[in-house]
Amino acid sequence: MILFRAFLLFFVFMTPLKANTIYDLIKIPNLEIYNIDTKNGLRYLYATKPFRLGVNVKKNINCYNSSKKILDKKYKIIKKNLDKYSLHFLKKINLKYIVLCENLSVAEINTAGIPNNKTRTLILDIKFNENHFERAIHHELFHIVNDNYKYLFSEDVWKNFNKKNFKYSDCSTCNNKWNLNLLDNNSGFFTEYAKSTASEDMAEVFSHLVFYQDQISIEDPIIKKKILFIKKNILKIDNTFNF
């Protein structure tokens, strides 16, 4: 009987996540497992029906379910990019769950992703802008990094890299003209969107580093300083990280 109970307990704890268990863990309804058998420990979940988070209309998070065809196609792309990160690094930054849905928005403003370091979750909009979709994955992942290691990524230090007369906006959504295309001048920024806030600027630098690696020629002295800052502090989290 004791042996049977031990076996039963093992079976219960090793059984893949079910929908109600998923909700208990990350507080997002209408999710099912897409894949949890990954080398770096990430668990991919997908929306079976639309979901809404929050009770304040002005702050609600909304996302919708996708067709299996789109889901299968985008999952391969997302996994390919997230496979760049090791199990060791993901544990360090406290990321475990990737939620796949489409038309993701916060307060009716569309966004590529929503990180939540407390629930170890990153929600990704699999129908985000095709031209920037893959790089945006790394951008959103950096926000998980930043949220867990604020002391390493000081915004005051970062702001001093910019020209003295430059000021960020009050928020990343205060202007709807931010562009994600790569700038071709020595402005100190990779994109127009990087000019929105210091944290978004850091995420843009990180995402360009990881996604493009050595494909971009950097001559801008300000961007060079920002790159060194990001690399130095990421290596403090995981000294085996490979850019």
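Each residue is numbered by its place in its chain's sequence as written, counting from 1. Since the coordinates come from a predicted model, pLDDT governs what is reported: local features require at least 70, and pairs of side-chain atoms require 80 or more to be given and counted, while whole-chain, interface and lining totals use all residues. Note that water and hydrogens are dropped before the side-chain values are worked out from all heavy atoms of the structure.

Draft legend 1. Expanded view of the nonpolar core. By nonpolar core is meant a set of buried Ala, Val, Leu, Ile, Met, Phe, Trp, Tyr and Cys residues that side-chain atoms within 4.5 Å join together. Each residue is assigned to one of three classes by its accessible area relative to the maximum for its type, calculated with a 1.4 Å probe on protein chains only: buried under 20%, partly exposed between the two thresholds, exposed over 50%. In terms of nonpolar packing, the biggest core is built from 52 residues, with I93, L141, F153, F206, I230 and I234 touching the most fellow members. Going through the elements one at a time, helix 3 (68-82), helix 4 (87-93), strand 5 (97-106), strand 8 (121-125), helix 5 (133-148), helix 7 (198-212) and helix 8 (221-237) are the ones with two or more residues in this core. Leaving out residues up to four positions away in the same chain, F206 has contacts with Y85, H138, L141, F142, I230, I234, F241 and F243. The way it works is that DSSP assigns letters per residue, a run of H or I at least four long becomes a helix, a run of E at least two long becomes a strand, and they are numbered from the N terminus. Contact definition: two residues touch when any of their heavy atoms are within 4.5 Å.

Draft legend 2. Quick look at the packing of aromatic side chains. Classification of ring pairs rests on two measures: the distance between centres of Phe, Tyr or Trp rings, Trp counted by its six-membered ring, which must be within 6.5 Å, and the angle between planes, read as stacked under 30 degrees, edge-to-face over 60 and tilted in between. This structure, assessed with the given rule, holds 20 aromatic pairs. A ring pair is formed by Y34 and Y75, whose centres lie 4.4 Å apart and whose planes are at 45 degrees; its orientation type is tilted. Placement of the pair is Y34 in strand 1 (residues 31-35) and Y75 in helix 3, with a sequence separation of 41 residues. Ring geometry for Y44 against Y75: centres 5.0 Å apart, planes inclined by 90 degrees, an arrangement best described as edge-to-face. Of this pair, Y44 sits in strand 2 (residues 43-47) while Y75 sits in helix 3, and the two are 31 residues apart along the sequence.

Draft legend 3. How the structure looks around the state of the cysteines. Cysteine sulfurs are considered disulfide-paired once they come within 2.5 Å of each other. The full count for this structure, using the stated rule, is one disulfide. At a sulfur-sulfur separation of 2.0 Å, the disulfide partner of C63 is C101. Because the torsion about its S-S bond is 95 degrees, the bridge between C63 and C101 counts as right-handed. Of the two residues, C63 sits in strand 4 (residues 61-64) while C101 sits in strand 5, which places them 38 residues apart along the sequence. When sorted by exposure, C63 lands in the same class as C101, which is buried.

Draft legend 4. Broad picture of helix 3. In a regular helix each residue adds 1.5 Å, so 15 residues correspond to 21 Å; helix 3 covers 20 Å between its end C-alpha atoms and thus fits that length. Those residues of helix 3 that fall on the buried side of the exposure criterion are L71, K74, Y75, I78, N81 and L82. Where helix 3 is buried, its residues touch strand 1, strand 2, strand 5, strand 8, helix 5 and helix 7. The span you would expect from a helix comes to 1.5 Å times its residue count less one.

Draft legend 5. A look at the environment of K127. With respect to the element layout, K127 can be found in the loop between strand 8 and helix 5. A relative accessible area of 43% places K127 in the partly exposed class. Considering only alpha carbons, one finds K127 and A112, 15 residues apart in sequence, at a separation of 8.5 Å. The contact partners of K127, leaving out residues within four places of it in the chain, are I70, K74 and E102.

Draft legend 6. How the structure looks around the pattern of salt bridges. By definition here, a salt bridge exists when the distance from a side-chain nitrogen of Lys or Arg to a carboxyl oxygen of Asp or Glu is within 4 Å. Counted according to the given criterion, the structure contains nine salt bridges. For the salt bridge of K74 with E130, the shortest nitrogen-to-oxygen distance reads 3.0 Å. With K74 in helix 3 and E130 in the loop between strand 8 and helix 5, the pair connects residues that are 56 residues apart, well separated along the chain. K74 gets classed as buried once you look at its relative accessible area, which sits at 4%. Classification of E130 by relative accessible area gives exposed; the value is 55%.

Draft legend 7. Highlighting the confidence of the model for the protein. Along the chain, pLDDT gives the predictor's confidence residue by residue, from 0 to 100. Scored by pLDDT, the protein has a mean of 89; 90% of the residues are at 70 or more. Predicted confidence is poor over residues 1-16, with pLDDT under 50, and the contacts of this stretch with residues over four places away or in other chains come to two contacts.

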